[in-house]
Amino acid sequence: QVQLVESGGGLVQAGGSLRLSCAASGRTFSSYRMGWFRQAPGKEREFVASISWSGGFTAYADSVKGRFTISRDNAKNTVYLQMNSLKPEDTAVYYCAGRRANYDTAYIGPPNGVDYWGKGTPVTVHS
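Now for a look at the structure at hand. (Residues numbered from 1 in each chain as written. Predicted model: local features only at pLDDT ≥ 70, side-chain atom pairs only at ≥ 80, totals over all residues. Heavy atoms only, no water.)

**Some points on the nonpolar core**
Phase 1: Met-34, Trp-36, Leu-81, Met-83 and Tyr-94 are the most contacted members of the largest nonpolar core, which has 28 residues in total.
Phase 2: Mapped onto this core, the elements with two or more residues apiece are strand E3 (18-24), strand E4 (32-39), strand E5 (46-51), strand E7 (68-73), strand E8 (78-83), strand E9 (92-100) and strand E11 (121-126).
Phase 3: Setting aside chain neighbours within four positions, we find Leu-81 in contact with Leu-18, Arg-19, Leu-20, Trp-36, Val-48, Ala-49, Phe-68, Thr-69, Ile-70 and Tyr-94. (Core = buried A, V, L, I, M, F, W, Y, C linked by side-chain atoms within 4.5 Å. Buried < 20%, exposed > 50% of the residue type's maximum accessible area, 1.4 Å probe, protein only. Helix = DSSP H or I, 4+ residues; strand = E, 2+ residues; numbered from the N terminus. Contact = heavy atoms within 4.5 Å.)

What follows is the structure in structure tokens.
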């Protein structure tokens, strides 16, 4: 069992930055590929970024590529999402996700394939 707790969301002006953190419980964190999804009001949950268990592989949605960076610290059981150059369209609730992996891959798949979810942290970007 893995529990995920996000933090770091908030209100920020367009062009600003935020860093989200996701703290995971459980001793098997390092065997999970981890990711971030987001859900804006009235929209479906969408993939943002993911990272392999080693941290050596990452993947990003086209909409955030070049602005967001995902990283992880397996010693601290934590995954991060550094968000720069934020835009109003980035406004959403951001969810941390974990999925078991048999090999070192960043591919996390669609939301219905995720094994564990955090409760989410809201991010609001105003212009």
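**Observations concerning the packing of aromatic side chains**
Phase 1: A complete count under the given rule lists 4 aromatic pairs for this structure.
Phase 2: Considering the side-chain rings of Phe-37 and Phe-47, the 5.8 Å spacing of their centres and the 75 degrees angle between planes classify their relative orientation as edge-to-face. Placement of Phe-37 in strand E4 and of Phe-47 in strand E5 is noted, with a sequence separation of 10 residues between them.
Phase 3: Taking the relative accessible area as the measure of exposure, Phe-37 reaches 0% and is therefore buried.
Phase 4: Ring plane angle 70 degrees and centroid distance 5.1 Å describe the contact between Phe-37 and Trp-117, whose orientation is recorded as edge-to-face. Here Phe-37, found in strand E4, pairs with Trp-117, found in strand E10 (residues 116-117); they are 80 residues apart in sequence, far enough to count as distant.
Phase 5: Residue Trp-117 is classed as partly exposed on the basis of its relative accessible area, which comes to 30%.
Phase 6: The ring of Trp-117 has Arg-45 sitting right over it, with the charged end atom 4.6 Å from the ring centre.
Phase 7: Here the guanidinium or amino end of Arg-72 rests over the ring plane of Phe-29, the centre of that ring lying 4.5 Å away. (Phe/Tyr/Trp six-rings, centres within 6.5 Å; stacked < 30°, edge-to-face > 60°. Lys NZ or Arg CZ within 6 Å of the ring centre and 35° of its normal.)

**A look at the sheet that holds E3**
Phase 1: Reading across the sheet, the 4 strands line up as E1-E3-E8-E7 and stay open at both edges, with antiparallel pairing between neighbours. Each edge of the open sheet carries a strand with a single partner, namely strand E1 (4-7) and E7. Across the sheet, the mean angle from the axis of one strand to that of its neighbour is 15 degrees, orientation sign disregarded.
Phase 2: Of the pairings in the sheet, the one linking E7 to E8 comprises 6 bridges and is antiparallel in character. Along E8, the bridge assignment pairs Ile-70 with Leu-81. (Pairing = 2+ DSSP bridges. Axes fitted to C-alpha atoms, helices over the stretch in contact; angles between N-to-C directions.)

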